[in-house]
Amino acid sequence: MSGPRALPRLSRRRRGAVRSALGITVAAAMLSAALVLADSLGGGFERAARAADLPDVIVRFDPVSYARVASRIQALPDIAAFSTRLEVTGVGINAGAHHNTQASAEVVGAGRRGYAIVVGRNVSARFGEVVIERGVAQAWGVSLGGILHVSGLGPLRVVGFAEAPDDVGYPLGVPRFYLSRAALEAHFGREINPQVSVAELWLRNPRYLNRVLVQARVTSFGLRGLRVITRSGVRVLLDQAAGIVIDLLVALSVFALATATVVLAASARAELQRQLPAIGINRALGAPRGYVVTQQVREAAITAVPAATVGILAGALATIGPSDRLLVLLNEPPAGSALVLP
């Protein structure tokens, strides 16, 4: 008599365990996905700013002579370092079947650069080298050592991929590439356009940023098309560009996590109700409370640990790829091993 009755009971327990395992797997996957999105996207700008040595102030203006700009910067207080570059827009480039006529060429000199080289190396004083944004390389399928044709310069070899967190990457923005001023001057045999249109400032103490900005406005007379943005201003602009997407992804993950948690709680409650008679019998036979609790925890762990492990791995693997691709568009590096702890 006990055999036939035990079989349905065992079958019900197995179905309950399967439902609990599925609920735990889904909840763990949603939690893992939410953590990946929150940590990867939420901390992307700070990682990018540290890796690129992002300046405290970025100033853009119509092209003027380097000496004129340098004299004004040197008159500012609390300047630890500065660098300048010439930014040329509307440049035609192509690689393979891809082309763009609105690219931005950054002609950089010596000193701190404000962008990070994530693959390869920076441009040298040898002509024929170019560094492109990682977003361009990913979208166009350009590999390290590949060729980028630049209007007026011909084919250039790609020696590195860069991330510059002061703006979004391609295709959200125009493609950017970096050239060496020294290499161009050596190639053409003369000093080329000794003008600059971008100045990057690093402060000794960022707390004095407001004072520096006030003084900069006073000493910037004669500069046309002046546009000043601070490090915190860059972050605000990037949040506006990608904030809606990030908030939507995180909200979706949180909603799915809450749904899975409710399902799991309902399943756990139903399972507990089914086990109450057995718990009562154990207590009636003299089993101590600690033994009953330990037995329930052991049985729960047998179901929960494998299911939670599968869910965590599934959620992370499903989310890391898309979040990393989105970070490339924002010119921000992935979290990498920093995701292990959370």
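Note: the structure precedes this text.
Below you will find a few notes about this structure. (Residues numbered from 1 in each chain as written. Predicted model: local features only at pLDDT ≥ 70, side-chain atom pairs only at ≥ 80, totals over all residues. Heavy atoms only, no water.)

Tallying secondary structure elements over the chain gives eight helices and ten strands in all. Counting only residues that meet the buried cut, the chain has 41% of its 342 residues in that class. The contacts in the chain between residues at least 6 apart in sequence include a share of 79% that link residues at least 24 apart. Roughly 18200 Å² of accessible area belongs to the chain as shown, and the carbon and sulfur atoms make up 63% of that amount. (Helix = DSSP H or I, 4+ residues; strand = E, 2+ residues; numbered from the N terminus. Buried < 20%, exposed > 50% of the residue type's maximum accessible area, 1.4 Å probe, protein only. Contact = heavy atoms within 4.5 Å. Areas by Shrake-Rupley, 256 points an atom, 1.4 Å probe, with all protein chains shown as cover.)

To describe a pair of aromatic rings, one takes the distance between the centres and the angle between the planes. Going through the model one piece at a time under the given rule, you end up with two aromatic pairs. Residues Tyr 115 and Tyr 178 carry aromatic rings whose centres are separated by 4.2 Å and whose planes lie at 25° to one another, so their mutual orientation is stacked. Of the two residues, Tyr 115 is situated in the loop between strand 3 (98-108) and strand 4 (116-120) and Tyr 178 in strand 8 (residues 176-180); the sequence distance between them amounts to 63 residues. For Tyr 178, a relative accessible area of 0% translates into the label buried. With centroids separated by 5.8 Å and ring planes inclined at 85°, the aromatic side chains of Trp 140 and Tyr 170 adopt a geometry described as edge-to-face. Residue Trp 140 is found in helix 4 (residues 134-140), and its partner Tyr 170 is found in the loop between strand 7 (154-163) and strand 8; the two are separated by 30 residues along the sequence. Accessibility expressed as a relative area gives 7% for Trp 140, which makes it buried. Relative accessible area serves as the criterion here: at 15%, Tyr 170 is assigned to the buried category. The ring of Tyr 115 carries Arg 113 above its face, with NZ or CZ at 5.4 Å from the centroid. (Phe/Tyr/Trp six-rings, centres within 6.5 Å; stacked < 30°, edge-to-face > 60°. Lys NZ or Arg CZ within 6 Å of the ring centre and 35° of its normal.)

Let us look at the nonpolar core. Residues Ile 93, Val 130, Ile 132, Trp 140, Leu 148, Val 150 and Phe 177 are the most contacted members of the largest nonpolar core, which totals 23 residues. Elements that contribute at least two residues to this core include exactly strand 2 (79-95), strand 3, strand 5 (129-133), helix 4, strand 6 (147-150), strand 7 and strand 8. Tallying contributions element by element places strand 2 first for this core, with four residues. Discounting chain neighbours no more than four positions away, the residues touching Trp 140 are Ile 93, Asn 94, Ala 95, His 98, His 99, Asn 100, Leu 148 and Tyr 170. Within the second largest apolar cluster, 16 residues are counted, among which are Val 59, Leu 76, Ile 79 and Val 196. (Core = buried A, V, L, I, M, F, W, Y, C linked by side-chain atoms within 4.5 Å.)

Take Ser 32: it is sitting in helix 1 (residues 2-42). Exposure remark for Ser 32: the relative accessible area of 8% places this residue in the buried category. One polar contact links the side chain of Ser 32 to the main-chain amide nitrogen of Ala 316, over a distance of 3.1 Å. Non-local contacts of Ser 32, meaning those with residues more than four positions away in its chain, are made with Gly 311, Ile 312, Gly 315 and Ala 316. (Polar contact = N/O pair within 3.5 Å; in protein donor to acceptor, adjacent residues only side chain to side chain.)

Over its 41 residues, helix 8 (residues 289-329) runs 57 Å from end to end, which matches the ideal 60 Å to within 8%, given 1.5 Å per residue. A maximum bend of about 35° is found in helix 8 at Ala 301. All of the buried residues in helix 8 are Val 292, Gln 295, Ala 307, Gly 311, Gly 315, Ala 316, Thr 319, Ser 323, Leu 326, Leu 327 and Val 328. Among the residues trailing helix 8, Asn 331 stands out with phi positive, at a value near 60°. (Expected span 1.5 Å × (residues − 1). Bend = angle between axes of the 7 residues up to and from the residue.)

Moving on: the pairing of strand 5. For strand 5, a buried count of five out of five residues is recorded, marking the element as mostly surrounded by other parts of the structure. Pairing analysis gives five bridges linking strand 5 to strand 7, with the strands arranged parallel. What sits directly across from Glu 129, in strand 7, is Arg 157. Relative to strand 8, strand 5 is paired through two bridges, and the arrangement is antiparallel. Within strand 8, the position partnered with Ile 132 by the bridge is Phe 177. (Pairing = 2+ DSSP bridges.)

The next subject is the pattern of salt bridges. Evaluated as defined, the whole model comprises eleven salt bridges. Across the pair Glu 46 and Arg 235 runs a salt bridge whose closest N-O atoms are separated by 2.5 Å. Of this pair, Glu 46 sits in helix 2 (residues 44-52) while Arg 235 is found in helix 7 (residues 231-284), placing the two residues 189 residues apart along the sequence. Classification of Arg 235 as partly exposed rests on a relative accessible area of 29%. One salt bridge connects Arg 112 with Asp 53, and the closest N-O pair in it is separated by 2.8 Å. Remark: Asp 53 occurs in the loop between helix 2 and strand 1 (57-65) and Arg 112 occurs in the loop between strand 3 and strand 4; sequence separation between them is 59 residues. Put simply, Arg 60, Glu 87, Glu 133, Asp 166 and Arg 176 are held in one network by salt bridges that share partners. (Salt bridge = Lys/Arg side-chain N within 4 Å of Asp/Glu carboxyl O.)

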